[in-house]
Amino acid sequence: MVGSGVCPHLGAPLAAGRVDCGVLRCRWHGLALDASGGPGWRPLPAHDDGVLAWARLDDVGGEAPTPAPVLPHRPDPHASIAAVATLTGVCEPEDVVANRLDPWHGAWFHPYSFTRLTVESAPDATMDLPAVQDRFVVAVTFRVAPRLGVPVRAEFSCPGPRTVVMRITEGEGAGSVVETHATPLSPGADGRARTAVVEATIATSDRAGFAAARRFAPVLRPLMRRTAARLWRDDLAYAERCYALRVPMTRNS
Ligand code: FES
Ligand SMILES: [Fe+2]
C-alpha cells in the first residue's frame, strides 16, 4: 500500500512517522493510520518490482486496472545493475512515447552519445502486427569516449501504451534493457499538461569484469542516472515541442 505523505490532521510529513505493527503513526500528534485509511487519507494498492515502485490509481484515467504492472523481461537482478532517472516535462505521455519511437533522431540529436545509426527495420504502422514483429530494430554505436565507440544492435517495443523498452540484442551489454515509463501527472499551475519520464536502465554483460564491477554499483548508479538525464533533457525539448504543436497555448495557459 502507498498513501499521501501529508498527514490528514495538520499536514505533517508522514515519511517522518513510524510504522508499528502495520500502523503508521504521525510524529506530530500520533494519529494512527492503517491500510483501511481514514478521513482525508486513502491508501492505494502498490507494487514493488525490485527496481520501480508503482501505485495503482484505480479511478484515475478510466482504464481497467491490472493485478500488476506489465513489465518486459529483465536481466537477472543478481547479474545486473539498475539505475532510475526521473524528469518532468510540459507534455503528455504520447509526446514522450513519440520521441522514444523515433529512432532516426538518435545520432542527429544526441551526437555526443550515438553515431553510425541505421534503422534496420520499422513496423508497418498500418497493420496490427504480432508482438514479435511490432518493433524497431536499430544498429548503432554508443560513444564511450571521443574516439571510442561500442557497436550494438537494439530493438524498441511497447509492452503497454505508456512504456517503451529498448533492449540490446547483440554486442556489448546484450540483454540490457532501458524501460521508459511516461507517467501522466496533474496539470501545472499554467494549466498545461505535465508528464514524468521514469526511466530504468538495467545493465548486464557477460564479460568477466562485469561481476566485479557490480561491487561498485553505488558509484555506477549516479553515472548511469546522469547519462539518462542528459539524453532526456534533450528529448523533453522534443516531446514538449510535439505537445506545443498539438495543443497550442491559449491566452490563459
Ligand atoms: S499532523 Fe499528524 S497527527 Fe497532527
Ligand atoms: Fe533521444
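Residues numbered from 1 in each chain as written. Chains lettered and ligands numbered in written order. Predicted model: local features only at pLDDT ≥ 70, side-chain atom pairs only at ≥ 80, totals over all residues. Heavy atoms only, no water.

## Some thoughts on the packing of aromatic side chains
As enumerated under the stated definition, the model contains three aromatic pairs in all. Aromatic side chains Phe109 and Tyr238 sit 6.5 Å apart centroid to centroid with 55 degrees between the ring planes, which places their arrangement in the tilted category. Here Phe109 is found in helix H2 (residues 105-109), whereas its partner Tyr238 is found in helix H4 (residues 217-246), with 129 residues between them in sequence. According to the relative accessible area criterion, Tyr238 is partly exposed, its value standing at 23%. Considering the side-chain rings of Phe114 and Phe142, the 5.2 Å spacing of their centres and the 55 degrees angle between planes classify their relative orientation as tilted. One end of the pair, Phe114, is in strand E7 (residues 114-121); the other, Phe142, is in strand E8 (residues 136-145), with 28 residues separating them in the sequence. (Phe/Tyr/Trp six-rings, centres within 6.5 Å; stacked < 30°, edge-to-face > 60°. Helix = DSSP H or I, 4+ residues; strand = E, 2+ residues; numbered from the N terminus. Buried < 20%, exposed > 50% of the residue type's maximum accessible area, 1.4 Å probe, protein only.)

## A short note on the sheet that holds strand E9 (residues 148-160)
The sheet built from seven strands is open, its strands ordered E6-E12-E11-E10-E9-E8-E7 with antiparallel pairing. Two strands in the sheet have a free side with no partner beyond their single neighbour: strand E6 (80-89) and E7. Mean inter-strand twist for the sheet, computed between neighbouring axes without regard to direction, equals 20 degrees. The pairing of E7 with E8 spans five bridges and is antiparallel. Looking at E8, one finds that Thr115 is bridged to Thr141. Each of E9, strand E10 (163-171), strand E11 (177-185) and strand E12 (194-204) is contacted by helix H1 (residues 93-100), which is oriented at about 155 degrees to E11, the strand it contacts most. Those strands touched by H4 are E6, E7, E11 and E12, and its axis lies near 35 degrees from that of E6. (Pairing = 2+ DSSP bridges. Axes fitted to C-alpha atoms, helices over the stretch in contact; angles between N-to-C directions. Contact = heavy atoms within 4.5 Å.)

## Some details on the coordination of the iron ion (ligand 2)
Bound to the iron ion (ligand 2) on the protein side are His105 (NE2), His110 (NE2), Asp235 (OD) and Asp235 (OD), at distances that span 2.1 to 2.3 Å. With four donor atoms in place around the iron ion (ligand 2) and angles of 57 to 142 degrees between them, the coordination shape is irregular. According to the relative accessible area criterion, His105 is buried, its value standing at 14%. (Donors = N, O, S within 2.8 Å, 3.2 Å for Na, K, Ca; no water. Tetrahedral: all angles 85-135°; square planar, octahedral: opposite > 155°, others 65-115°.)

## Examining the UniProt feature "domain: Rieske" (unreviewed entry) in the protein
Summarizing the sequence annotation, UniProt attributes the feature "domain: Rieske" (unreviewed entry) to residues 1-55 in the numbering used throughout. Secondary structure across residues 1-55 comprises 0% helix and 25% strand; the distance between its end C-alpha atoms is 8 Å. (UniProt positions renumbered as here; feature names shortened; annotations may be inferred.)

## Quick word on the packing of H1 against H4
As a packed pair, H1 and H4 sit with axes 8 Å apart at the nearest point and diverge in direction by 125 degrees. By the angle between their directions, the pair H1 and H4 is classed as oblique. Helix-helix and strand crossings are classified by hand; for H1 and H4 the assignment is right-handed. For the pair formed by H1 and H4, the contact residues are Glu94, Asp95, Val96, Ala98, Asn99 and Arg100 on the first element and Trp232, Asp235, Tyr238, Ala239, Cys242, Tyr243 and Arg246 on the second. Here the residues of the contact of H1 with H4 are counted per class, giving seven nonpolar, one polar and five charged. (Parallel < 35°, antiparallel > 145°, perpendicular 65-115°, else oblique. Left-handed = near helix turned anticlockwise from the far one by under 90°. Nonpolar A, V, L, I, M, F, W, Y, C, P; charged D, E, K, R; others polar.)

## Details of the pattern of salt bridges
By the definition in use, this model includes 13 salt bridges. One salt bridge connects Arg18 with Asp20, and the closest N-O pair in it is separated by 4.0 Å. With its nearest N and O atoms 2.9 Å apart, the salt bridge here joins Arg162 to Glu63. Here Arg162, found in the loop between E9 and E10, pairs with Glu63, found in the loop between strand E5 (53-55) and E6; they are 99 residues apart in sequence, far enough to count as distant. Note on Arg162: relative accessible area 29%, which makes it partly exposed. The exposure class assigned to Glu63 is partly exposed, which follows from its relative accessible area of 44%. The structure contains a network of salt bridges with shared partners spanning Glu92, Glu94, Asp95 and Arg246. (Salt bridge = Lys/Arg side-chain N within 4 Å of Asp/Glu carboxyl O.)

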